[in-house]
Amino acid sequence: MKYYSTSNKNHQVNLKEAVFKGLALDKGLYMPQSIPVLPKEFFANIKKLSFRELSFEIASALFHTDIPLNELKKINDEALDFETPLVNVHDSVYSLELFHGPTLAFKDVGARYMAQMLAYFTRGYQSEIHVLVATSGDTGSAVANGFLGVPGIKVHILYPKGLVSYLQEKQFTTLGQNITALEVEGSFDDCQRLVKEAFVDAEVNSKLTLTSANSINLARLLPQSFYYFNAFRQLQENYGKLAFSVPSGNFGNITSGLIAKKMGLPVDQYIATTNINDVVPEYLRTGKYTARPSMATVANAMDVGDPSNFTRILDLYGNSHKAIANDILGYSYNDTEIKRCISEVSKKHKYLTDPHGATAYMGLSQFLSENKGYTGIFLETAHPAKFSKTVEESLGHTIEIPEKLAEFGKKEKVSLEMAADYLAFREYLMGLNS
Ligand SMILES: *Cc1c(COP(=O)(O)O)cnc(C)c1O
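Quick caveat: nothing in here was measured; it's all calculated off a predicted structure. (Residues numbered from 1 in each chain as written. Predicted model: local features only at pLDDT ≥ 70, side-chain atom pairs only at ≥ 80, totals over all residues. Heavy atoms only, no water.)

> Looking at this structure, I do not really get the overall build of the protein. What am I missing?
Counting its secondary structure elements, the protein contains 20 helices and 14 strands. Taken over the C-alpha trace, the protein has a radius of gyration of 20 Å; the compact-globule value for 434 residues is 22 Å, and the two agree within 12%. If you line up the protein on its principal axes, its C-alpha atoms span 60 × 50 × 45 Å. Every one of the 434 residues in the protein was classed for burial, and the buried ones make up 61%. Within the protein, contacts between residues separated by at least 24 positions form 75% of all contacts whose residues are at least 6 apart in sequence. Across the protein, the centroid of the 43 positively charged side chains sits 4 Å from that of the 47 negatively charged ones. (Helix = DSSP H or I, 4+ residues; strand = E, 2+ residues; numbered from the N terminus. Rg over C-alpha atoms; globule rule 2.2 N^0.38 Å. Buried < 20%, exposed > 50% of the residue type's maximum accessible area, 1.4 Å probe, protein only. Contact = heavy atoms within 4.5 Å. Lys, Arg positive; Asp, Glu negative; His and termini not counted. Charge placed at Lys NZ, Arg CZ, Asp CG, Glu CD.)

> Can you help me understand the site of the ligand in this one?
For the ligand, the set of nearby residues contains 15 residues, the closest of which are Lys 107, Asp 138, Gly 249, Asn 250 and Thr 381. Gly 249 has a polar backbone atom sitting 2.8 Å from an oxygen atom of the ligand. Measuring from an oxygen atom of the ligand, one finds a backbone N or O atom of Phe 251 at 2.8 Å. Expressed as a share of its isolated accessible area of 380 Å², the protein-covered part of the ligand is 97%. (Near = heavy atom within 4 Å. Polar contact = N/O pair within 3.5 Å; in protein donor to acceptor, adjacent residues only side chain to side chain. Areas by Shrake-Rupley, 256 points an atom, 1.4 Å probe, with all protein chains shown as cover.)

> For this particular structure, what's the right way to read the side chain of Asp 303?
Mapped onto the secondary structure, Asp 303 falls in the loop between helix H13 (279-286) and helix H14 (310-316). Despite being buried, Asp 303 has no salt bridge partner; Lys 107 is the closest side chain of opposite charge, sitting 11 Å away. A polar contact of 2.7 Å, which involves the side chain of Asp 303, links it to the side chain of Thr 297. Not counting chain neighbours up to four residues away, the residues in contact with Asp 303 comprise Phe 188, Asn 275, Asn 277, Ser 294, Met 295, Ala 296 and Thr 297. (Salt bridge = Lys/Arg side-chain N within 4 Å of Asp/Glu carboxyl O.)

> Sorry if this is basic, but what is going on with the pattern of salt bridges here?
When the charged atoms of two side chains with opposite charge come close together, those side chains can pair. Considering all chains together, one arrives at 22 salt bridges under this definition. In this structure, Arg 123 engages Glu 71 in a salt bridge whose closest nitrogen and oxygen atoms are separated by 3.2 Å. Linking Arg 123 in the loop between helix H5 (107-121) and strand E6 (129-134) with Glu 71 in helix H4 (residues 69-79), this pair joins segments that are 52 residues apart in sequence. Note that Glu 393 is salt-bridged to Lys 389, the shortest N-O span being 3.4 Å. Residue Glu 393 and its partner Lys 389 are located together in helix H18 (residues 388-395), separated by four residues, close to a single helical turn. Of the residues examined, Glu 393 reaches a relative accessible area of 43% and is grouped as partly exposed. Three or more residues joined by partner-sharing salt bridges are found here, namely Lys 161, Glu 169, Glu 183, Lys 413 and Glu 417.

> I would appreciate a short explanation of the packing of helix H8 (residues 188-199) against helix H20 (residues 422-430) in the present structure.
Each pair of packed helices gets described by two things: the angle between the helix axes and the distance between those axes. The contact between H8 and H20 brings their axes to 10 Å, and the two run at 55°. By the angle class used here, H8 and H20 are oblique. Our pair here, H8 against H20, has a crossing hand that is right-handed. On the side of H8, the interface is formed by Leu 194, Val 195, Glu 197 and Ala 198, while H20 contributes Tyr 422, Phe 425 and Leu 429. Of the residues contributing to the contact of H8 with H20, the split by class is six nonpolar, no polar and one charged. (Axes fitted to C-alpha atoms, helices over the stretch in contact; angles between N-to-C directions. Parallel < 35°, antiparallel > 145°, perpendicular 65-115°, else oblique. Left-handed = near helix turned anticlockwise from the far one by under 90°. Nonpolar A, V, L, I, M, F, W, Y, C, P; charged D, E, K, R; others polar.)

> Help me understand helix H12 (residues 252-262) in this model?
Since the α-helix turns once every 3.6 residues, residues separated by three or four places project in the same direction. Counting buried residues in H12 gives nine out of 11 residues, a clear majority hidden from the surface. Buried residues of H12: Gly 252, Asn 253, Ile 254, Thr 255, Ser 256, Gly 257, Leu 258, Ile 259 and Ala 260, and no others. Positive backbone phi, approximately 115°, marks Gly 264, located one or two places after H12.

What follows is the structure, encoded as C-alpha cells:
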C-alpha cells in the first residue's frame, strides 16, 4: 500500500518510508492511500477472536503488501501482550481500559507496535536509528519502554521541565541503556517544535538517520484502531447505537477511531473531549480553527494548543467542516469539573477514572443525557495512579499505587537539561555518533 502526504497527494511512499520519516518532508502527515473495508465474515466471527487475533486480521488487511504475514504475526503478538477490557461502569456506560500495558497508558499499544515494526524494517542495518520523541508525559514512557534494549535504535525523549508528573518522569528518566531524556525549559509545544525542526534540517538528516515516534507516526496511529474493534467485540448483543468518547490532546487516538469507522466499524457518534485547551471543540462548534499556546491543566497529556493530527481529520473528511461536525461532537472541561467528576464517579459508581478519562466520561454523560438508545464507551487512557496527586486531591484520600508503577519510583532520574531553542537541540544532535 502507498501512503500519501496530507500536503500533497502526489507525494507517495511505501510503509517503510512512512514509518521511518514520521513526518513527510513537505511537513504533511502520511495517510493510507486506501483504507480497507473489513469483510462481513470478519464481523460475523469477531466474538470468537482474541484481541491479538482480531488485531492480526486488521493488520493483515492494512500491511500485507509491505510485511510478510509470518513477520507481521510476530510483530503483532510481541506488541500486543496485554488486554483492553471493556468494563461496565453503570447502565449503558462502559469504560474501555487501555492501561493494562507496561507503562499503564494507552500509548503502549502504538508505541510497542511501532518499536516492533521499526526493529523489523531495520534488521541488518549498519548505522544506528535515532528516534526523536516529544512528550507531554505518557508518550515518553510508552516509547522508551517499547524500545528499551532494542539493538541498533537510540531514543531521545524531549519533555517540558516541571510539567510532567513525578512518576511519569521517572518512567523515562530511569531506564538508561539506549534511552536519553532531554529536559527542555519550555512547554510541550516547544518540544514538539524542536523535533519537527530537526526532521526538516538537511544537515542533521545527512548525518543521522532520524525517525519520530510521536502520534504523527503511522506505525502508532493505525494499530490504535485495533482496540476500537476489541471494544465492539466485547459488547452485548442489542447494544443499540454506539458512541465512543475519546479524551483528546494531539487527536491521534480519535483519528485512529475514525479510521476504524472507515474500515467498517459501526460507530454512530464520536465525542472528542478536551481540557481547557479546546481548539478542536471550538472548531467543531464554529468552523474556525485557531491554534494557540497550550495551558497547563490536571489532564496534562492533553495540554496541546495545536493538535498535530487535526490535519489528518481534515484529510479524512475532504476538509468538510459539515462532515466532520456530523461525526464528532466536542466538549471541553476545566480542572474543577475534572476533579469533581473523579470524585462523583468514584462515590456513585465505585469506578476510579484518571483526569483524562474523566473528561471522556463527562462528554459521554452529557451526550447520553440528550440522546437516547445509545451504548456509550469512554476510553480510559491511563491508570488513575499515574496521576495520583490529582486523583487523591479529588477523592480526599490516598489510592493504591500498582507495583509496576511503584518500581519506577525507586530508581534514580537521569536527564540532560536544555533550553527551548533549536540551536541547542541541533548542537546535541550533531554531537551524537551516527
Ligand atoms: C496522550 C494522551 C491522551 C491524548 O491522546 P491523543 O492521541 O494525543 O489525542 C489522553 N490521555 C492520556 C492519558 C494520554 O497519555
